[in-house]
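Now for the letters of each chain:
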Amino acid sequence: MTVIVSILLAVCLVGLLILGTPICIAIAISSVVAGGVALDFDMMLQTGAQRTFTGISVFTLIAIPFFILAGDIMNQGGIALRLMNFARLLVGRLPGCYAHTNAMANMMFGAISGSGVAAASAMGSIVGPIAEKEGYERDYMATVNIATAPTGLLIPPSNVLITYALVSGGTSVAALFIAGYIPGILWGLVCMVLAGFLAHSRGYKKDSQKITLPIAMKITFDAIPSLLLIVLVIGGIVAGAFTATEGAIVAVVYSLILSLCYRTINLKKLLKIYANSVQMTGIIILLIGVSSIMSWVISFVNIPDAVGELLRGVSESKIVILLIINIVLLFVGTFLDTTPAVLIFTPIFLPIAISCGISPVEFGIIITFNLCIGLITPPVGNILFVGVKVGKTTIEKVIKPLLPYYALIFMVLMLITYLPFLSSYLAYLAGYPEALGPVSKDMLGLTP
């Protein structure tokens, strides 16, 4: 029965996606059809309806629309330009200063807004034209922008991690947020190292603009209110002052007040921001609801156990099993967006990862990291397409320059997979001992 349901579920889902069916409808139909084989079809329809409403009736989910709204307000509220100027102040004296500025600004703005697409769009359109005037090639700048934009999905706050916390059965959002810092920063740093090496080989000069102390102080002063948002939201969540949901509301209020103080948002623009946020929230909530049906079907017919036995039939080595999981997730990420991929594959691979000694927190970072790579990979990489558009270039011209970035990012993925304490130890120090899996505890000498 498990094999039949698994094959039917996969065939229906892939077939519907090939036909161009919206992902929400495809997940719902394939789940009900596959589940109808294991249960009476009428009972499956009733169960599907119940699971849909149960899946979205979770208090933690309220954080998602508020973080989306906060990100939209920040994107339209003049915060991006101030963060770009601050990043330029920090790295302007390095070779390839505009590439470093773009990368660091993506890390900061992506972390604040929680959107890699917003970061790529905002920073690419601001830094790109300035760099081009200074003699930087469009393809070079577009490549750096694309390669570093996903870091904001790992550096908190991150809606992807909130979604994972829900579907994984209640993993601590705060622990996931803290665990995302080191992998996200490592991703950005390796890209900056490569960008600096390429800039030096091409003879790109340092920032020619001399920044006096008063100007530097003004740039820093302008950026501090935006940067304080991270301290306020993440610090409040970690300190226990408020939950992730309450932190999202704080982020909205703070970013709105900041944008009004900057006088960059009026009533007309604010209504448009609300409309965009509602639309995006509706899509994500519907995805979570229908994916709850698929998660229930997957658990009911014991697909995770079957997949685990299949992987162990290939190899008993935990190293090989984790490598196979990574390869599958990398492949999936090139075709599915992060949210549906997390919803579909977390119930399948999380039990296997736990059996390999990886904690739910560590696996949350691994799956998110994999799927973030898919955002900059053809054929369905959203950040890739946005970066190409704002960089005024083509996919054909950036794919080859992106290859060394892919290689370095994959190396970081392997590090956090086989040295999982790189992501979880920070959360452990912050008071979340459950963040460390048995493998990490053994590596750190914490196993009794």
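Structure shown above.
Summarised in this report is the structure supplied together with it. Nothing here was measured: the structure is a model prediction, and the numbers come from that model. (Residues numbered from 1 in each chain as written. Predicted model: local features only at pLDDT ≥ 70, side-chain atom pairs only at ≥ 80, totals over all residues. Heavy atoms only, no water.)

1. Digging into the overall build of the chain
Part 1 of the reasoning: A count of helices and strands for the chain gives 22 helices and 0 strands.
Part 2 of the reasoning: Seen through its C-alpha atoms, the chain measures out along the principal axes to roughly 70 × 50 × 50 Å.
Part 3 of the reasoning: When burial is assessed residue by residue, the chain has 53% of its 448 residues classed as buried.
Part 4 of the reasoning: Taking contacts inside the chain between residues at least 6 apart in sequence as the whole, the part at least 24 apart equals 78%.
Part 5 of the reasoning: A total accessible area of about 18,900 Å² is found for the chain, and carbon and sulfur atoms account for 70% of it. (Helix = DSSP H or I, 4+ residues; strand = E, 2+ residues; numbered from the N terminus. Buried < 20%, exposed > 50% of the residue type's maximum accessible area, 1.4 Å probe, protein only. Contact = heavy atoms within 4.5 Å. Areas by Shrake-Rupley, 256 points an atom, 1.4 Å probe, with all protein chains shown as cover.)

2. Remarks on the packing of helix α19 (residues 382-390) against helix α20 (residues 395-418)
Part 1 of the reasoning: With their axes 10 Å apart at the nearest point, α19 and α20 run at an angle of 115 degrees to one another. Two packed elements cross with a definite hand, and for α19 against α20 that hand is right-handed. Contact residues: Leu384, Phe385 and Val388 in α19; Ile395, Val398, Ile399 and Leu402 in α20.
Part 2 of the reasoning: Looking at side-chain class alone, the contact of α19 with α20 contains 7 nonpolar, no polar and no charged residues. (Axes fitted to C-alpha atoms, helices over the stretch in contact; angles between N-to-C directions. Left-handed = near helix turned anticlockwise from the far one by under 90°. Nonpolar A, V, L, I, M, F, W, Y, C, P; charged D, E, K, R; others polar.)

3. Thoughts on the pattern of salt bridges
Note that side chains of opposite charge can pair when their charged atoms are close.
Part 1 of the reasoning: Counted by the stated rule, this structure contains 3 salt bridges.
Part 2 of the reasoning: As a salt-bridge pair, arginine 138 and glutamate 132 come within 3.0 Å of each other at their nearest N and O atoms.
Part 3 of the reasoning: Given a relative accessible area of 38%, arginine 138 falls into the partly exposed group.
Part 4 of the reasoning: Of the residues examined, glutamate 132 reaches a relative accessible area of 36% and is grouped as partly exposed.
Part 5 of the reasoning: Here aspartate 222 and lysine 218 are joined by a salt bridge, their closest N and O atoms 3.0 Å apart. With a gap of 4 residues between them, aspartate 222 and lysine 218 both fall in helix α12 (residues 213-239), about one helical turn apart. (Salt bridge = Lys/Arg side-chain N within 4 Å of Asp/Glu carboxyl O.)

4. As for unusual backbone geometry
Part 1 of the reasoning: Not every positive phi belongs to a glycine, and lysine 392 is a case in point at roughly 55 degrees.
Part 2 of the reasoning: Note that lysine 392 resides in the loop between α19 and α20.
Part 3 of the reasoning: When its relative accessible area of 59% is taken as the criterion, lysine 392 is described as exposed.

5. Quick word on helix α5 (residues 79-91)
Part 1 of the reasoning: In a regular helix each residue adds 1.5 Å, so 13 residues correspond to 18 Å; α5 covers 19 Å between its end C-alpha atoms and thus fits that length.
Part 2 of the reasoning: Taken as a whole, α5 has its buried residues at Ile79, Ala80, Leu83, Met84, Phe86, Ala87, Arg88 and Val91. (Expected span 1.5 Å × (residues − 1).)

6. Regarding the environment of valine 250
Part 1 of the reasoning: Relative to the elements of secondary structure, valine 250 occurs in helix α13 (residues 244-262).
Part 2 of the reasoning: Between the C-alpha atom of valine 250 and that of tyrosine 98, which follows or precedes it by 152 residues, the distance is 33 Å.
Part 3 of the reasoning: In this structure valine 250 touches Leu232 and Phe242, once residues within four positions along its chain are discounted.

7. A short note on the nonpolar core
Within soluble globular proteins, side chains that are nonpolar tend to cluster in buried spots.
Part 1 of the reasoning: Ranked by internal contacts, the top residues of the largest apolar core, which has 151 residues, are Phe109, Tyr140, Trp187, Phe363 and Phe369.
Part 2 of the reasoning: Among residues more than four places away in sequence, those in contact with phenylalanine 363 are Tyr164, Ile325, Phe349, Leu350, Ala353 and Ile358. (Core = buried A, V, L, I, M, F, W, Y, C linked by side-chain atoms within 4.5 Å.)

8. Notes on the packing of aromatic side chains
Part 1 of the reasoning: In total, this model carries 8 aromatic pairs according to the counting rule given.
Part 2 of the reasoning: Between tyrosine 164 and phenylalanine 363, the aromatic rings sit 6.5 Å apart at their centres with planes inclined by 55 degrees, giving tilted as the arrangement. You can see tyrosine 164 sitting in helix α9 (residues 159-167) and its partner phenylalanine 363 sitting in helix α18 (residues 360-374), a full 199 residues away along the chain.
Part 3 of the reasoning: Summarising the aromatic geometry, the rings of phenylalanine 345 and phenylalanine 349 are spaced 6.0 Å apart at their centres and angled 15 degrees between planes, so their arrangement reads as stacked. Of the two residues, phenylalanine 345 and phenylalanine 349 are both situated in helix α17 (residues 338-355); the distance of 4 residues between them amounts to about one turn of the helix.
Part 4 of the reasoning: In this structure phenylalanine 345 comes out as buried when scored by relative accessible area, which is 16%. (Phe/Tyr/Trp six-rings, centres within 6.5 Å; stacked < 30°, edge-to-face > 60°.)

9. A short note on the packing of α9 against α18
Part 1 of the reasoning: Two elements in contact, α9 and α18, have axes whose closest approach is 10 Å; the angle formed by their N-to-C orientations is 135 degrees. Considering their axes alone, α9 and α18 lie oblique with respect to each other. For the crossing formed where α9 meets α18, the hand is right-handed. Where α9 abuts α18, its residues Val160, Leu161 and Tyr164 lie against Pro360, Phe363, Gly364, Ile365, Ile367 and Thr368.
Part 2 of the reasoning: Residue classes in the contact of α9 with α18 are distributed as 7 nonpolar, 2 polar and no charged. (Parallel < 35°, antiparallel > 145°, perpendicular 65-115°, else oblique.)

10. Examining a nonpolar patch on the surface
Part 1 of the reasoning: Residues Tyr425, Leu426, Leu429 and Leu446 make up a contiguous nonpolar surface patch of about 340 Å² in total accessible area.
Part 2 of the reasoning: Here leucine 429 is to be found in helix α21 (residues 421-429).
Part 3 of the reasoning: Here leucine 429 falls in the exposed class, since its relative accessible area comes to 55%. (Patch = residues over 30% accessible without salt bridge, like charges linked within 9 Å, V, L, I, M, F, W, Y side chains within 5 Å.)

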